[in-house]
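# Observations on the three-dimensional arrangement
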Amino acid sequence: TLGGSMADNDDDVINVKLLLVGARGVGKTTFVGEVLGVRVLDGGSWIGVHFAKKLIQLHDGRRVLVELWQARIGDSFRHRLPDHLFRNVHCVVMMYDISRPATLDDVVEWYYPRAVQTLDRLVVPVHSVGWALIGSRSNQVTVILLLSQ
């Protein structure tokens with residue numbers, strides 16, 4: 001179940017940081033809103049990071065604080081992804097639009113290699129981070145592949 005509020009004792013909360021990357025217009029902002037059950041305003045052509053979090057209560061009583069970071073990198077910054085996005089990341093979620101094959105090419109040829117380079121710079125073993133690939137169409141998730149972890 002989604003919901004809940006932060007309790008006074010947060011020692012038992014499991015923190016999970018997800019980083020969502022992909023080309024413009026593949027549905028990242030919609031995905032953030034749908035997964036976390038929050039309204040995320042998309043200001044159009046912005047460059048930077050959207051951040052949202054939600055406390056999730058699992059059926060067994062454990063609580064998970066999901067932090068979902070959404071990156072939008074402009075063409076002038078395409079040479080690398082910002083290091084700070086990858087600090088303490090648990091899973092890199094790469095997203096593409098299944099009706100636009102070029103967005104999958106972006107994931108394979110640009111986002112994945114840059115993510116690996118960034119993790120190497122931070123001395124984070126690539127195998128210690130989860131990798132997921134999400135295909136969307138018309139802002140609806142249609143394919144989810146967990147690639148590792």
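Refer to the structure presented above.
Residues numbered from 1 in each chain as written. Predicted model: local features only at pLDDT ≥ 70, side-chain atom pairs only at ≥ 80, totals over all residues. Heavy atoms only, no water.

### A short note on the pairing of strand E1 (residues 13–22)
Among the 10 residues of E1, seven are classified as buried, and the element is accordingly described as predominantly covered. Relative to strand E4 (residues 91–97), E1 is paired through five bridges, and the arrangement is parallel. Within E4, the residue paired with Leu20 across the bridge is Val93. (Buried < 20%, exposed > 50% of the residue type's maximum accessible area, 1.4 Å probe, protein only. Helix = DSSP H or I, 4+ residues; strand = E, 2+ residues; numbered from the N terminus. Pairing = 2+ DSSP bridges.)

### Some details on the environment of His127
Mapped onto the secondary structure, His127 falls in the loop between helix H2 (101–121) and strand E5 (130–137). By relative accessible area, His127 is classed as exposed at 62%. Sequence separation between His127 and Val116 is 11 residues, and the spatial gap between their C-alpha atoms is 10.0 Å.

### A word on the nonpolar core
Ranked by size, the top nonpolar core spans 20 residues in total, and within it Leu19, Val21, Phe86, Val92, Met94 and Trp131 carry the most contacts. Listed by contribution, the elements that provide at least two residues to this core are E1, strand E3 (63–72), E4, H2 and E5. Counting residues in each nonpolar core, the second largest holds 17 residues, with Ala52, Leu68, Cys91 and Ala132 among its members. (Core = buried A, V, L, I, M, F, W, Y, C linked by side-chain atoms within 4.5 Å.)

### As for the pattern of salt bridges
Counted according to the given criterion, the structure contains four salt bridges. Note that Asp60 and Arg62 form a salt bridge whose closest N and O atoms lie 2.8 Å from each other. Since its relative accessible area comes to 45%, Arg62 is described here as partly exposed. One salt bridge connects Asp97 with Arg100, and the closest N-O pair in it is separated by 3.7 Å. Arg100 sits in the partly exposed class, given a relative accessible area of 33%. (Salt bridge = Lys/Arg side-chain N within 4 Å of Asp/Glu carboxyl O.)

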